Amino acid sequence: SQSNPEAIIFAGNLYGQGSGGYATWFSFDGTEDQVQDDPKMKDYNVDQWVDKVVQDALDQYHHSLTEHQIWAAGGDFNYQNSDHWFNNLDKLIHYVNLNGTVNLFYSTPTIYTDSKLQNPNTNYQLRTDDIMPLADDAHDYWTGFYTSRPALKRQVRKSTNLLATARLLEAYTNITLDQVENILKNTGQQRPAPRVGDGFTDGLEGAVSLATHHDAMSGTERQSVTDDYELRMAEQAIVAETGISLAIKYIAQVEEDLAHCNCNGAPQFTCSNASICAATVNASDGFTVYAWNSLALSRTEVLRIPVSGSSWSCVDEKKEELQTQLLSLDNRTLSIPQLYLNSFNMTQSQIDQALAQLANKADYVLAVKVQLPPVGLASISCSPQSMRLELSTSNVLAQKIKSEERVISNGKYELTVNETSKRITKLKNIVSGIETRFDISWGWYNSSVGGCTDYGNGYNANLTLPPCSDQKSGAYIFRPNSSELYGFDPSFEPTLEIIDTGDLVTEIRQQVSSFASHIIRLYADESLIEVEWTAGSIPIDTPWFDPVAYDTNTSKPLPNNWGKEVILKFSTGLLTDAKFSVDSNAREMIERVRDKRGPTYPDPYLISEPIAGNYYPSTYIAALYDENASFSVALDAAAGVSSIQDGALEVMVHRRIQDDDSRGVQEPLNETQCGCNDINAGPGQMGEYGHEGDGGCECQGLTVRGTMWLALDTPINTNATRRQHALRLNSMPTLAFTNSPNSPSINLSTIATALPPNVQLTTLTNNYAAWNDGAWILRLSHLYQIDEHPTLSQVASIDLTELFAVSPFKIMQATETTLTANQPNPRDSFQFPIVNISAMQVRTFLAWFE
């Protein structure tokens, strides 16, 4: 870590030649391999096993530093018969140690690392680069999983934010799991997980933790496994929402029931990100919104609430009218709930009836500007008006500069729109004066089914590897069949619509194909540009291209059933010289250079995949920059990111593939909206696209919606704002609703003062208090890396007794621990109550509260 030189990871390649290329050579996954130590048996083989282990250990000794070795026993798909494995491992350890040449024992990474570092005269290579983009062969880049299953990735991110809210409210109110379970029983529900502790958050914590497994959130599991991860999170989110409701009712003295619209119930009725929320749409007399802010800073946000009716007003806890604006729903959003229909074996009449039931009942989105206290709860009350109010004149500038061009401004940014070409042409930061040509576009790469990579004319033949491979694109692997970024059906007429009928937000709605669209939002006086994108249903066939295959019997053309890897592209005029940067797990930003690798790689680096070999993972922020300006994109979920052309940043947002990449999934990445992809499959049989059937599937491909926040400014200013944008975007307020505008009002901060802008309250939970002598886990993290910003990268000092000064968040004592709070910090320099936290540092404490 550049920010913390002491944060050094001891790592290296495993020597094994077994499963996955990293496990050791022996395997006890089948019953045929075993250590037979009974000399009466004809398959007695202990001597052979011991000789093989000793000889392999001596051979590995000549290829590694020090005499200590780690042997990884097993790999993926192993240990399904763990008794067989460990019985034979026990025998191996026993008999090898009797030989005396090698000391064999069960170990841990910690024991191994300590042993390797015992000799101070042993020098290890210091690597300042990494293994990204990961590949296991010239054309086998594991850059597809950065985006695979984008809906699951977003569910993990949203559930993590919900968990943060639930933890804070659980600690503040001491609502117990018993209380939550009583509510669930009274409503005919059951808590669908075994009890772990007394906290109502432990189930969601477990489900989110499970979904962050490397073959879960990565999207490299079968569809049925994905469904299980998603179901577990949704079920436990409902438990957490029940606890959140009880906590809000306790804090605000609310008597009415509270509802949520976080997509955890039936998504076609409860997804506010698709403008679907029965709790507000059906509230004909009005409703109250309770908004919880889990960030330890005051913030202003524009809430977007689906409503029915064309005239609404909202007031805060002081009964002062809030700034609001009604926005009509676009057709793309209106269509989303109807995509959940599985019409297999349905008549047209049944289809029409089902579509009518699924139709979105909202007419508008009500945008409301609210001020939220740090780690606090605020309420707003909204009521329909008896007569339609005239829409206010927009203070968002919409000015004609040419007959075909308009300038849209929110006081911070200007976007120039060409209404003839239906494209954005320029972006300007009004405050700093930085401006650039600008465009937002879509495209897709054709998934390879094996063949030769077309290097085109841009690469020296001496700097490329042989182009051909049978590797296919799939859940793990991204491999396009060419470097060409394809467009869409030319018969589709792109649309551009500017909605500037209010003084809170202006929308620019663009649709470039039947399955690719986005809405650009400029909020008044906000130093960001929001892009809400929608991708899907990605078609399987590609009829706008001439057929490339024909039936061998009839000579009739076959459908172009091509996999499609869909990207959203931001093009600027920045002189980036092949450089861009992405975050490393939401921590330090790492510079990436097209067609280059770090100092420990061969130079020159030979190119094999010009597109896939330049994709990198981004979980939080991606950026372009030159000497004068920087352009940043804050992400709401992990995705693959690249800069294939100078000045352009492309984000892969969705994938739908028709072949498997032979990495263990054994089915194509072909997700659908209603959760099935077993086209024409009978029960227990495989369908056209490789998934075991449940009896039939006639469903649209999965549609995914996400949000990005853009910024253009000087490099220093962008470095400051991009972290704040990403933090806000991924910690949006948690909302709960009553069906009355007269519910009790509140505006409460549970902490005495806000944290400085470069520090985040990452964790505060009492869920482990019973194991820690009543102590809660408190975790603070520094948001900026060293030299990222002249002031925000500096050490921050926090007095915990000033931050947590009001009961029940009144801190009495704290001790510092390791990151996971399972043991004391061996380098503890903490003197309660002052915490000094440096760039990129994360500090964890066991804290006792009053």
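Residues numbered from 1 in each chain as written. Predicted model: local features only at pLDDT ≥ 70, side-chain atom pairs only at ≥ 80, totals over all residues. Heavy atoms only, no water.

Taking 1.5 Å as the rise per residue, helix α1 (residues 46-61) with 16 residues should run 22 Å; its terminal C-alpha atoms sit 23 Å apart, in good agreement. Taken together, the buried positions of α1 are occupied by V46, W49, V50, V53, V54, A57 and Q60. Within α1, the buried residues cover an arc of 130° as seen down the axis, which keeps them to one side. Elements in contact with the buried residues of α1: α2 (82-99). (Helix = DSSP H or I, 4+ residues; strand = E, 2+ residues; numbered from the N terminus. Expected span 1.5 Å × (residues − 1). Buried < 20%, exposed > 50% of the residue type's maximum accessible area, 1.4 Å probe, protein only. Arc of directions from axis to C-beta. Contact = heavy atoms within 4.5 Å.)

Attention shifts here to the state of the cysteines. One pass over the full model with this rule turns up five disulfides. Across the disulfide from C452 sits C468; the S-S distance is 1.8 Å. Disulfide C452 to C468: torsion about the S-S bond roughly 95°, handedness right-handed. Here C468 lies in strand β13 (residues 468-472) and C452 lies in strand β12 (residues 449-452), a separation of 16 residues in the sequence. Between the sulfur atoms of C674 and its disulfide partner C699 the distance amounts to 2.1 Å. Of this pair, C674 sits in the loop between β25 (648-656) and β26 (704-713) while C699 sits in the loop between β25 and β26, and the two are 25 residues apart along the sequence. Assessed through its relative accessible area of 24%, C674 is described here as partly exposed. Classification of C699 as buried rests on a relative accessible area of 14%. (Disulfide = S-S within 2.5 Å.)

So, on to the sheet that holds strand β33 (residues 809-817). One open sheet accounts for five strands, arranged β29-β30-β35-β33-β32; its pairing is antiparallel. Of all strands in the sheet, those bounded by a partner on one side alone are β29 (759-765) and β32 (805-806). Where β32 lies against β33, two bridges are found, and the strand directions are antiparallel. Across the sheet, V806 pairs through a bridge with F809, a residue of β33. (Pairing = 2+ DSSP bridges.)

Within a sheet, neighbouring strands are paired by backbone hydrogen bonds and run either parallel or antiparallel to one another. Strand order across the open sheet formed by three strands is β2-β5-β4, with antiparallel pairing between neighbours. Here the strands that pair on one side only, and so sit at the sheet edges, are β2 (299-307) and β4 (324-328). Adjacent strand axes in the sheet meet at a mean angle of 25°, parallel and antiparallel pairs treated alike. Pairing between β4 and strand β5 (residues 364-372): five bridges, direction antiparallel. Each residue of the ladder has a partner; that of S328, found in β5, is Y364. (Axes fitted to C-alpha atoms, helices over the stretch in contact; angles between N-to-C directions.)

To continue, consider the pattern of salt bridges. Where side chains of opposite charge bring their charged atoms close, a pairing between them can arise. Within the structure shown, the criterion is met by 33 salt bridges. Between D439 and R423 there is a salt bridge, with the nearest N and O atoms lying 2.4 Å from each other. Highlighted residues: D439 in strand β11 (residues 435-446) and R423 in strand β10 (residues 423-429), separated in sequence by 16 residues. Its relative accessible area of 14% is what places D439 among the buried residues. R423 sits in the partly exposed class, given a relative accessible area of 35%. Between K472 and D659 there is a salt bridge, and its shortest N-O distance comes to 3.5 Å. Of this pair, K472 sits in strand β13 while D659 is found in the loop between β25 and β26, placing the two residues 187 residues apart along the sequence. Three or more residues are tied together by salt bridges with common partners; here these are R304, E507, R509, R521, E530, E532 and R705. (Salt bridge = Lys/Arg side-chain N within 4 Å of Asp/Glu carboxyl O.)

This paragraph deals with the packing of helix α4 (residues 150-173) against helix α6 (residues 202-211). At a minimum axis separation of 10 Å, α4 and α6 run at an interaxial angle of 150°. In terms of orientation, α4 lies roughly antiparallel with respect to α6. For the pair α4 and α6, the crossing hand works out as left-handed. Residues V156, S159, T160, L162, L163 and R167 of α4 pack against L204, E205, V208 and A211 of α6. Per-class residue counts for the contact of α4 with α6 are six nonpolar, two polar and two charged. (Parallel < 35°, antiparallel > 145°, perpendicular 65-115°, else oblique. Left-handed = near helix turned anticlockwise from the far one by under 90°. Nonpolar A, V, L, I, M, F, W, Y, C, P; charged D, E, K, R; others polar.)

What follows concerns the packing of aromatic side chains. Under the criterion given, the structure shown has 36 aromatic pairs. Between Y172 and F809, the aromatic rings sit 5.1 Å apart at their centres with planes inclined by 80°, giving edge-to-face as the arrangement. You can see Y172 sitting in helix α4 and its partner F809 sitting in strand β33, a full 637 residues away along the chain. Comparing Y172 with F809, the two get one shared label, buried. Summarising the aromatic geometry, the rings of F804 and F849 are spaced 5.4 Å apart at their centres and angled 85° between planes, so their arrangement reads as edge-to-face. Taken together, the residues span a long stretch of sequence, with F804 in the loop between α13 (800-803) and β32 and F849 in strand β35 (residues 842-849) at a distance of 45 residues. Since its relative accessible area comes to 1%, F804 is described here as buried. Pairwise contacts between aromatic rings join W25, F26, F28, W49, W71, Y79, W85, F86 and Y106 into one cluster. Looking at K52, its charged tip hangs above the ring of W25, at a distance of 5.2 Å from the centre. (Phe/Tyr/Trp six-rings, centres within 6.5 Å; stacked < 30°, edge-to-face > 60°. Lys NZ or Arg CZ within 6 Å of the ring centre and 35° of its normal.)

The next subject is the side chain of T576. Along the polypeptide, T576 turns up in the loop between β18 (564-572) and β19 (579-583). Residue T576 is classed as buried on the basis of its relative accessible area, which comes to 3%. With residues near it in sequence (within four places) discarded, T576 still touches L624, Y625, D646 and G647.

Helix-helix packing is described using two parameters, namely the angle between the two axes and the distance between the axes. Put simply, α1 and α2 touch, their axes get as near as 10 Å, and they point 70° apart. As the angle between them shows, α1 and α2 are arranged roughly perpendicular. Contacts from V46, W49, V50, V53 and V54 of α1 reach α2 at L92, Y95, V96 and N99. Of the residues assigned to the contact of α1 with α2, the class counts are eight nonpolar, one polar and no charged.

We now examine helix α3 (residues 109-116). Every buried residue of α3 is accounted for by Y112, S115 and K116. Down the axis, α3 shows its buried residues gathered within 95° of arc, on one side only.

Among the nonpolar cores identified, the biggest contains 62 residues, and L761, L764, L778, L780, L800, F804 and F809 are the most heavily contacted of them. Formed by 50 residues, the second largest nonpolar core is a distinct cluster that contains I434, I520, A535 and L574. (Core = buried A, V, L, I, M, F, W, Y, C linked by side-chain atoms within 4.5 Å.)

Moving on, we come to unusual backbone geometry. With glycine set apart, most residues show a phi of negative sign, and most peptide bonds adopt trans. Here the amide bond leading from D603 into P604 is cis, since omega sits at 5°, within 30 degrees of zero. Looking at the secondary structure, you find P604 in the loop between β20 (589-593) and β21 (616-618). A cis amide bond, omega 5°, links S807 with the succeeding residue P808. Within the secondary structure, P808 sits in the loop between β32 and β33. Phi at Y79 takes a positive value of approximately 65°, unusual for a residue other than glycine. Positionally, Y79 belongs in the loop between α1 and α2. Looking at Y79, the relative accessible area reads 27%, which means it is partly exposed.

Caution applies to low-pLDDT parts of the model: their predicted coordinates are not meant to be read in detail. The predicted model of the chain averages 90 in pLDDT, with 94% of residues at 70 or higher. Residue range residues 689-693 is modelled with pLDDT below 50. Its contacts to residues more than four positions away, or to other chains, number 28 contacts. (pLDDT = per-residue confidence, 0-100.)

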